[in-house]
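Topology and contacts: notes
Now for the letters of each chain:
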Amino acid sequence: MKRNQFLLTLLSAGTFAFSALAGTPTDDRDTPYQTKTFSGNINAVRAETSGGSLTIEGGSKEAKVEMFVHANNSNDRIDKAEIAERLKEYDITIAQEGSTLVATAKHRGNDSNWKRSLSISFKFYTPRNVTTDLRTSGGSIQLASLTGTQKFRTSGGSLSLTDLEGNINGQTSGGSINMNRCRKGGSADRIDLQTSGGSIEAKESTGIMRLHTSGGSIRLTDLKGTIDAQTSGGSVNGDDIEGEIKANTSAGSVRLTNVAGSVDASTSAGGVDVSMVKLGEYLRLTTSAGNVRVKMPLDKGISLNLSGNNIKIPLSNFNGDTNKDRIKGTLNGGGIPVTLSANSGSVYVNQ
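So, here's what we can say about the structure. (Residues numbered from 1 in each chain as written. Predicted model: local features only at pLDDT ≥ 70, side-chain atom pairs only at ≥ 80, totals over all residues. Heavy atoms only, no water.)

Moving on: the environment of Lys106. Mapped onto the elements, Lys106 comes out in strand β6 (residues 100-107). With 14 residues separating them along the chain, Lys106 and Ile120 place their C-alpha atoms 9.4 Å apart. What Lys106 contacts, discounting residues up to four positions off in sequence, is Glu48, Glu89, Tyr90 and Asp91. (Helix = DSSP H or I, 4+ residues; strand = E, 2+ residues; numbered from the N terminus. Contact = heavy atoms within 4.5 Å.)

Structure follows, in structure tokens:
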């Protein structure tokens, strides 16, 4: 009996060893399938893939490209031999063309057999002064520590941007946007980010910013410059903003605190709540279905135009007309135009 158990143990061990040698599927997503290093001057990156993510990390002394490959179906765990077989259906390029790093992955034919499709991602390590032109149809895009013109598009992933300087233009059709410590380089530079199906968070950034989403909320923190934040399907919240801000939503509230500058905030389906530490050239707050609340200094020359079902404001050194639902006139001789309008609600100033 003991002899039979011993033989079974040996047989099991041998079977396990054979399986290991044959290549057990691991699908290790943190290990590059292929790595290439490059020398010479690198100042640009061009990349395109249909089923994976794109990542650029600037500030590296050595230029390097890593390619990651795994099955598109997360339940399909495949080994390197199977990956190599499926890669025969793709045209893969990882090369240096002059001063540009190029990485592309394109499937031959119509890719109708989705069960065999692969997710092919690229990660670049580059110098800081690098421009990018990136496209992916099914993954996220991450950029960090870069200076220059950055242009990128994804149809099915998020955008993550950290420590970028220059002209920044990015779009996603199905993910969120996170921007941190980004700024313009030259006077003509812009930050233009857009998503059709996710939220936007921007913090510790400066410049001319256009932040638009059709299906999520917007969060703004510690921003300086000219900001255009618009959403069709969420709220807009901000704190510590200096400069000029336009905040608009069709289906949520607008709440801004510690603002120094000019504000144009509006909503069609919520309230507007703004706290000003310093007025800029104008203040315009409007809502179609809520209240307008604002805290602001009243010691400057201000021209008031307020309307709502009910208006409450402390008036001193005022000249003009006052009614329950309308106040129009000047404070301290007039000056900065302040327009507050609540079509179906009330207006509260310093209440």
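The rest of the description comes next.
For the rest of this paragraph, the subject is the pattern of salt bridges. Side-chain pairs of opposite charge can arise where the charged atoms are in close proximity. In this structure the tally under the stated criterion is 11 salt bridges. A salt bridge links Asp163 to Arg128; the nearest nitrogen and oxygen atoms lie 3.1 Å apart. In this pair, Asp163 is assigned in strand β11 (residues 159-165) and Arg128 in the loop between β7 (118-125) and β8 (131-136), connecting sequence segments 35 residues apart. By relative accessible area, Asp163 is classed as buried at 14%. Residue classification places Arg128 among the partly exposed residues on the basis of a relative accessible area of 25%. Here Asp264 and Arg284 are joined by a salt bridge, their closest N and O atoms 3.4 Å apart. Separated by 20 residues along the polypeptide, Asp264 in strand β18 (residues 254-267) and Arg284 in strand β19 (residues 272-287) bring together distant segments of the chain. Among the charged side chains, a network of salt bridges with common partners joins Arg128, Asp163, Glu165 and Arg183. (Salt bridge = Lys/Arg side-chain N within 4 Å of Asp/Glu carboxyl O. Buried < 20%, exposed > 50% of the residue type's maximum accessible area, 1.4 Å probe, protein only.)

Our next topic: the side chain of Asp189. Within the secondary structure, Asp189 is located in the loop between β13 (177-180) and β14 (191-195). Buried charge without a salt bridge: Asp189, with Arg190 as the nearest opposite-charge side chain at an N-O distance of 6.9 Å. Looking at Asp189, its side chain comes within polar contact range of the main-chain nitrogen of Gly185, at 2.8 Å. A distance of 2.7 Å separates the side chain of Asp189 from the backbone nitrogen of Gly186, its partner in a polar contact. (Lys, Arg positive; Asp, Glu negative; His and termini not counted. Polar contact = N/O pair within 3.5 Å; in protein donor to acceptor, adjacent residues only side chain to side chain.)

Glancing now at the nonpolar core. Among the nonpolar cores identified, the biggest contains 79 residues, and Phe122, Leu220, Leu283, Leu285 and Leu340 are the most heavily contacted of them. Tallying contributions element by element places β19 first for this core, with six residues. Setting aside anything within four residues of it in sequence, one finds Leu285 in contact with Val263, Ala265, Val272, Val274, Val292, Val294, Thr339, Leu340 and Ser341. (Core = buried A, V, L, I, M, F, W, Y, C linked by side-chain atoms within 4.5 Å.)

Let us now look at the packing of aromatic side chains. Two measures describe an aromatic ring pair: the distance that separates the ring centres and the angle between the ring planes. Applying the stated criterion across every chain yields a total of zero aromatic pairs. A cation sits over an aromatic face here: Lys64 above Tyr125, 4.8 Å from the ring centre. The ring centre of Tyr348 lies 4.2 Å from the NZ or CZ of Arg293, which sits over that ring. (Phe/Tyr/Trp six-rings, centres within 6.5 Å; stacked < 30°, edge-to-face > 60°. Lys NZ or Arg CZ within 6 Å of the ring centre and 35° of its normal.)

Another point: the pairing of strand β15 (residues 200-213). Two elements, β13 and β15, share four bridges in a ladder whose sense is parallel. The residue of β15 that forms the bridge with Asn180 is Lys203. Two strands pair when backbone bridges link them, and β14 and β15 are joined in this way by five bridges, in the parallel orientation. Paired with Thr195 across the strands is Thr213, a residue of β15. Bridge count between β15 and strand β16 (residues 218-231): 13 bridges; the pairing is parallel. (Pairing = 2+ DSSP bridges.)

Let us look at helix α2 (residues 80-87). Burial in α2 covers these residues: Ile83, Arg86 and Leu87. Projected down its long axis, α2 shows its buried positions confined to an angular sector of 100°, all on one face. In this structure, the buried side of α2 is in contact with β4 (63-71), β5 (90-97) and β7. Backbone nitrogen of Ala81 and a side-chain oxygen of the N-cap are separated by 3.2 Å at the start of α2; the cap is Asp79. (Arc of directions from axis to C-beta.)

Within the fold, Arg46 resides in strand β2 (residues 44-49). Remark: the alpha-carbon pair of Arg46 and Leu134, spanning 88 residues in sequence, is separated by 5.8 Å. Non-local contacts of Arg46, meaning those with residues more than four positions away in its chain, are made with Glu97, Thr100, Leu101, Val102, Ala103 and Asp133. Only 3.3 Å separates the side chain of Arg46 from the side chain of Glu97, close enough to count as a polar contact.

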